[in-house]
Amino acid sequence: MSSVNVARPDVPGYDELVPSRYALKVGDIDVMVISDGVLPITAVTLATNAAPADLAAWLRDMFLPPEMLDWPLNVAVVRSGGRTILIDSGLGTEFPGFPRAGQLAVRLDAAGIDPASVTDVVLTHLHMDHIGGLLVDGLRGRLRPDLRVHLAAAEAEFWEAPDFSRTVMPAPVPDVLRTTASRFLDVYRGNLKPFETEYEVAPGVMICRTGGHTPGHSIVRLESGGDRLTFAGDAVFQPGFDNPEWHNGFEHDPEESARVRIRLLTELAASGEQLVATHLPFPSVCHVTVAGNAFRFVPVVWDY
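Note that this is a predicted model, so its numbers are computed, not measured. (Residues numbered from 1 in each chain as written. Predicted model: local features only at pLDDT ≥ 70, side-chain atom pairs only at ≥ 80, totals over all residues. Heavy atoms only, no water.)

1. Thoughts on the UniProt feature "domain: Metallo-beta-lactamase" (unreviewed entry) in the protein
Turning to step 1, where the next piece is worked out: Per the UniProt annotation, the sites labelled "domain: Metallo-beta-lactamase" (unreviewed entry) are residues 72-279.
Turning to step 2, where the next piece is worked out: Between the C-alpha atoms that bound residues 72-279 there is a distance of 5 Å. The span itself is 27% helix and 25% strand. (UniProt positions renumbered as here; feature names shortened; annotations may be inferred. Helix = DSSP H or I, 4+ residues; strand = E, 2+ residues; numbered from the N terminus.)

2. Structural notes on the packing of aromatic side chains
Turning to step 1, where the next piece is worked out: One pass over the full model with this rule turns up nine aromatic pairs.
Turning to step 2, where the next piece is worked out: Each ring, one from Y22 and one from W302, has its centre 4.8 Å from the other, and the planes form 50°; the classification is tilted. Taken together, the residues span a long stretch of sequence, with Y22 in strand β1 (residues 21-26) and W302 in the segment after β14 (294-299) at a distance of 280 residues.
Turning to step 3, where the next piece is worked out: Relative accessible area serves as the criterion here: at 27%, W302 is assigned to the partly exposed category.
Turning to step 4, where the next piece is worked out: A centroid spacing of 5.2 Å and a plane angle of 85° characterise the contact between F158 and W159, whose relative ring orientation is edge-to-face. Pair check on accessibility: F158 and W159 agree, each one buried.
Turning to step 5, where the next piece is worked out: Of the aromatic side chains, those joined through ring pairs into one cluster are Y22, F282 and W302. (Phe/Tyr/Trp six-rings, centres within 6.5 Å; stacked < 30°, edge-to-face > 60°. Buried < 20%, exposed > 50% of the residue type's maximum accessible area, 1.4 Å probe, protein only.)

3. Comments concerning the environment of T278
Turning to step 1, where the next piece is worked out: Residue placement: T278 occurs in the loop between β12 (274-276) and β13 (286-291).
Turning to step 2, where the next piece is worked out: Relative accessible area serves as the criterion here: at 1%, T278 is assigned to the buried category.
Turning to step 3, where the next piece is worked out: Between the C-alpha atom of T278 and that of V236, which follows or precedes it by 42 residues, the distance is 8.3 Å.

4. A closer look at unusual backbone geometry
Backbone phi values are negative for most residues with the exception of glycine, while trans is the configuration of most peptide bonds.
Turning to step 1, where the next piece is worked out: In this structure, the amide linkage connecting F282 to the following residue, P283, adopts the cis form with an omega of 0°.
Turning to step 2, where the next piece is worked out: Within the fold, P283 resides in the loop between β12 and β13.
Turning to step 3, where the next piece is worked out: A positive phi angle, close to 55°, is found at F63, a residue other than glycine.

5. Some words on the pairing of strand β3 (residues 68-80)
Turning to step 1, where the next piece is worked out: Extensive coverage of β3 is indicated by the burial of 10 of its 13 residues.
Turning to step 2, where the next piece is worked out: With 12 bridges connecting them, strand β2 (residues 29-42) and β3 associate as antiparallel partners. The residue bridging S35 from the neighbouring strand is N74, located in β3.
Turning to step 3, where the next piece is worked out: Note: β3 against strand β4 (residues 83-87), five bridges, orientation antiparallel. Within β4, the position partnered with S80 by the bridge is R83.
Turning to step 4, where the next piece is worked out: The loop that links β3 with its antiparallel partner β4 comprises two residues; one of these, G81, has a positive phi angle of about 55°. (Pairing = 2+ DSSP bridges.)

6. Here we look at the nonpolar core
Turning to step 1, where the next piece is worked out: Formed by 54 residues in total, the largest nonpolar core has its most connected members in L123, L126, F184 and Y188.
Turning to step 2, where the next piece is worked out: Breaking this core down by element, the ones donating at least two residues are β2, α1 (52-61), β3, α2 (104-110), α3 (128-131), β6 (148-152), α5 (153-158) and α6 (172-188).
Turning to step 3, where the next piece is worked out: When residues in this core are grouped by element, the largest group, six residues, is from α6.
Turning to step 4, where the next piece is worked out: The residues touching L123, leaving out its near neighbours within four places in the chain, are D88, H130, I131, L134, V149, H150, L151, F184 and I207.
Turning to step 5, where the next piece is worked out: Ranked by size, the runner-up nonpolar core spans 24 residues in total, among them Y22, I29, I87 and A202. (Core = buried A, V, L, I, M, F, W, Y, C linked by side-chain atoms within 4.5 Å. Contact = heavy atoms within 4.5 Å.)

7. Concerning the environment of A258
Turning to step 1, where the next piece is worked out: The topology assignment puts A258 in helix α7 (residues 254-271).
Turning to step 2, where the next piece is worked out: A relative accessible area of 7% means that A258 is categorised as buried.
Turning to step 3, where the next piece is worked out: Residues A258 and A235 lie 23 residues apart in sequence; the distance between their C-alpha atoms is 8.4 Å.

8. A short note on the confidence of the model for the protein
Turning to step 1, where the next piece is worked out: Of all residues in the protein, 95% have pLDDT values of 70 or greater, and the mean over the chain is 94.
Turning to step 2, where the next piece is worked out: Contacts of residues 1-5 to residues separated by more than four positions or lying in other chains number 12 contacts, the stretch itself having pLDDT below 50. (pLDDT = per-residue confidence, 0-100.)

9. Brief notes about the environment of P239
Turning to step 1, where the next piece is worked out: By the element assignment, P239 lies in the loop between β11 (227-231) and α7.
Turning to step 2, where the next piece is worked out: Overall, P239 belongs to the buried group, its relative accessible area being 2%.
Turning to step 3, where the next piece is worked out: If we ignore the near neighbours within four places in the chain, the residues touching P239 are L46, W58, P244 and W246.

10. Overview of the sheet that holds strand β7 (residues 192-195)
Turning to step 1, where the next piece is worked out: With mixed pairing, the seven strands of this open sheet are ordered in space as β1-β2-β3-β4-β5-β6-β7. The open sheet has two edge strands, β1 and β7, and neither has a second partner. If you compare each strand with its neighbour and ignore which way they point, the axes differ by 25° on average. (Axes fitted to C-alpha atoms, helices over the stretch in contact; angles between N-to-C directions.)

11. Structural notes on α7
Turning to step 1, where the next piece is worked out: With 18 residues, α7 extends 26 Å between its outermost C-alpha atoms, agreeing within 8% with the 26 Å of an ideal straight helix rising 1.5 Å per residue.
Turning to step 2, where the next piece is worked out: Looking at the buried residues of α7, the elements they touch are β10 (218-224), β11, β12, β13 and β14.
Turning to step 3, where the next piece is worked out: Once α7 finishes, G272 follows within two positions and takes phi at roughly 75°, a positive value. (Expected span 1.5 Å × (residues − 1).)

12. Structural notes on the pattern of salt bridges
Turning to step 1, where the next piece is worked out: Applying the stated criterion across every chain yields a total of 18 salt bridges.
Turning to step 2, where the next piece is worked out: Ionic pairing is found between R183 and E94, a salt bridge with its closest N-O pair at 2.7 Å. Of this pair, R183 sits in helix α6 while E94 sits in the loop between β4 and α2; the two residues are 89 residues apart in sequence, bridging distant segments of the chain.
Turning to step 3, where the next piece is worked out: We classify R183 as partly exposed; its relative accessible area is 31%.
Turning to step 4, where the next piece is worked out: By relative accessible area, which is 42% here, E94 ends up partly exposed.
Turning to step 5, where the next piece is worked out: The residue R142 makes a salt bridge to D109 at a minimum N-O spacing of 2.8 Å. Within this pair, whereas R142 is found in the loop between α4 (137-140) and β6, its partner D109 is found in helix α2, the two being separated by 33 residues in sequence. (Salt bridge = Lys/Arg side-chain N within 4 Å of Asp/Glu carboxyl O.)

Below, the structure written as structure tokens:
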């Protein structure tokens, strides 16, 4: 495996039959992708504007179940310029209906990463499966008091009075998203470092607002030594390569989300850089190529 310095070698890791972390380098930047686990989701949520037969055919072609499937949750720890940056934080443990998610605190320990070493958190957006981990007592109490939490100003503003009129979610979900985001903003308001369009968190680590999925949804671009990687948050879902115009039920502006997705995938295909996204199969590190009027997901070969 590529030599990385994210983990602390003096802390023994847990023995896992199935690995939950993957380390790589982007030039001089250390990156570790960590699985927060999986949560169940109805298949129809992946493509709310698709014809049922088309969605069923895609699921069969991908060897995925027709009704309920496991949605991966990926977060990342990035080290650059003396700063240790957590990108998103997973679901947390306050949602009993999702017992296989909310693993971040345990898996940070397994990777030998002390939460007190995290200097910055970057949030792609404030959906509960991206911020819940920071509300868990077992993690929140171990973070440093001067932690800097970066998110788009438009995202914080949106969640003061969120609009769910264009989403397609089960009835309880909007209320839970609203209350979780409100609680998060109350708890971390003193740590927030909002930005307008983009902000360089550390050398070669740039957070950029895309909008679409939520008004302040953002991606993280890493660049060092000629290498590049984008953490795309919820700009890209698994069906979005073959069917980039399919709408996800959690998108607050589905049409803009599709435009963002197509623009981003087109750019990644042209640049050849690596992609990581929250809900792609772990560790989700891949390349993108153009395939006719759509795109193709090309997983990287694991570097042991």
